[in-house]
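So the chains spell out like this:
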Amino acid sequence: MSIYALGDLHLHFGCELKAKAQMHDPVWREHEQRVMSNCVRTLSDRDVLVLAGDHSFGRNMEACGPDLQFIMALPGRKVLIRGNHDMFWDAKKTAELNRRFQGRLFFLQNNYYAYEDTALVGTKGYTFEGPFYVSRSGRITGWDREEAGHAEKLVERELERLRISFEAARADGFRKFIVFLHYPPTSILEKESGFTRMAEEYGAEQVVYAHCHGETRFHDSLMGKYRGIEYRLVSGDYLRWQPLCIRK
Ligand SMILES: [Fe+2]
Ligand SMILES: [Fe+2]
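All residue numbers here refer to positions counted from 1 along the written sequence of the relevant chain. To read the labels, note that chains go from A and ligands from 1, taken in the order they are written. Given that this is a predicted model, residues contribute local features only at a pLDDT of at least 70 and side-chain atom pairs are listed and counted only at 80 or more, while totals for whole chains, interfaces and linings are drawn from all residues.

Asker: Is there a simple way to think about the overall build of the chain in this case?
Answerer: Only DSSP runs of H or I reaching four residues or more are called helices, and only runs of E reaching two or more are called strands; each is numbered from the N terminus. A tally of regular secondary structure across the chain gives six helices and 13 strands. In summary, the chain has a C-alpha radius of gyration of 17 Å against a globular reference of 18 Å for 248 residues, a match within 12%. Residues are called buried when their C-beta atom has 20 or more other C-beta atoms within 10 Å, exposed when it has 12 or fewer, and partly exposed otherwise; all C-beta atoms are positioned from the backbone. Relative to its full complement of 248 residues, the chain shows a buried share of 40%. We call two residues in contact whenever the C-beta atoms placed from their backbones are within 7 Å. Sequence separation of 24 or more characterises 79% of the internal contacts of the chain that already satisfy a separation of 6 or more. In this setup the radius of gyration rests on C-alpha atoms only. A globule is expected at 2.2 Å times the number of residues raised to 0.38.

Shown next as structure tokens:
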């Protein structure tokens, strides 16, 4: 049994494609087939596949139905994290989604997923992505205060949700954790954040995240070992649609 992770499937079988850049970058060409064939080749039904957000562009359950069907057809036990594009998933109605898809999909929000002695915890997360003001020499000299203030509020809410997830697992006796976020754990140029501090506080072994697309964004946040935690980016285009094994 192993845990694999992959993010940003950006499916749109039943709705219009919203990310236009996706149409022009060759990495996205027929990516759905590559996701399916790589997963079939790599995973068994006993493995866990964590999909780290941005599953579907469908705005409601009806529009994202074919996308969820595609996800259900992937091998393994599927655990889903909310992404910024996942409009079908109201965070407050996660329990309802879990009832509806019981035994087929697990929606990770204000709860946790048990894998042997380890709890998979997580939430969407949030980071400030600019705009930044840059000097002629390329140095960042400031940023949009209003937008940064708004981002701070969203970060606070997401931190509360992540703590609920950690505490639910801890109350059931778990002491080992892997954290999943959709957004990167830190804003551009930062080396720590509320998310990294919380991961350290609970002694998480890894922080796995997605959301970063294209060469210019792949290195927006932490990667590799930092302060005892392994940070891994699993956005689909970064991994070329090959799910990453994060625990053997
Ligand atoms: Fe995405
Ligand atoms: Fe995203």
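Asker: Looking at this structure, I do not really get the sheet that holds strand E2 (residues 48-51). What am I missing?
Answerer: Through backbone hydrogen bonds, the strands of a sheet pair up, either in parallel or in antiparallel fashion. Spatially, five strands are ordered E4-E3-E2-E1-E13 in an open sheet, and the strand pairing comes out mixed. Strands with a single pairing partner mark the edges of an open sheet, and in this sheet they are strand E4 (105-107) and strand E13 (244-247). Taking the axes of each pair of neighbouring strands and ignoring which way they run, one obtains an average angle of 30° across the sheet. Strands qualify as paired when DSSP identifies two bridges or more between them. Two elements, strand E3 (residues 77-80) and E4, share three bridges in a ladder whose sense is parallel. The partner of valine 79 across the bridge, within E4, is phenylalanine 106. In this analysis an axis means a line fitted to C-alpha atoms, helices contributing only their contacting stretch, and an angle means the value between N-to-C directions, from 0 to 180 degrees.

Asker: Which parts of the structure should I look at to understand helix H3 (residues 61-73)?
Answerer: The α-helix advances 3.6 residues per turn, and as a result positions three or four apart in sequence lie on the same side. Any helix carries an expected span of 1.5 Å times its number of residues minus one. The end-to-end C-alpha distance of H3 is 17 Å, a good match for the 18 Å that 13 residues give at a rise of 1.5 Å each. What we call the bend at a residue is the angle made by axes fitted to the seven residues finishing there and the seven residues starting there. In H3, a bend of some 30° at aspartate 67 exceeds every other bend along the element. All of the buried residues along H3 are Cys64, Asp67, Leu68 and Ile71. In this structure, the buried side of H3 is in contact with E2, E3 and E4.

Asker: I keep staring at the sheet that holds strand E12 (residues 229-233) and nothing clicks. Help me out?
Answerer: Spatial strand order, E5-E6-E9-E10-E12-E11: six strands in an open sheet with mixed pairing. With one partner strand each, in any of the chains shown, strand E5 (113-115) and strand E11 (224-226) form the two edges of the open sheet. Between one strand and the next, the sheet's axes are offset by a mean angle of 25°, whatever the strand orientation. Its contacts with the sheet place helix H5 (residues 145-171) against strand E6 (118-123) and strand E9 (176-181), and it is angled at close to 165° to E6.

Asker: Honestly, the nonpolar core in this entry has me stumped. Any pointers?
Answerer: Inside soluble globular proteins, nonpolar side chains tend to come together where they are buried. The term nonpolar core refers to a group of buried residues, namely Ala, Val, Leu, Ile, Met, Phe, Trp, Tyr and Cys, whose C-beta atoms join them within 7 Å. Core analysis: the biggest nonpolar cluster contains 55 residues, and Val50, Ala52, Leu120, Val179, Phe180 and Val208 have the highest contact counts within it. When residues of this core are assigned to their parent elements, the largest contribution, five residues, is made by E9. Filtering out sequence-adjacent residues up to four positions away, phenylalanine 180 remains in contact with Val50, Ala52, Ile81, Leu108, Leu120, Gly122 and Val208.

Asker: Please clarify how helix H6 (residues 194-201) should be interpreted in this entry.
Answerer: Residues of H6 that are buried include every one of Phe195, Thr196 and Ala199, and no others. Buried residues of H6, seen end-on, are gathered within an arc of 100° and therefore sit on one face of the element. Facing away from the buried side of H6 by over 90 degrees, the exposed positions are Arg197 and Glu201. The inward-facing, buried residues of H6 contact H5, E9, strand E10 (206-209) and E12. Directly beyond the C-terminal end of H6, a positive phi value near 70° is found at glycine 203. This arc is taken over the directions from the axis of the helix to the C-beta atoms.

Asker: Sorry if this is basic, but what is going on with the pairing of strand E8 (residues 140-143) here?
Answerer: Strand direction decides the pairing type here: strand E7 (residues 132-134) and E8, joined by three bridges, are antiparallel. In the sheet register, tyrosine 133 faces E8, and the bridge partner there is glycine 142. From the end of E7 to the start of E8, which pair antiparallel, there are five residues, and glycine 138 there has a positive phi angle of about 95°.

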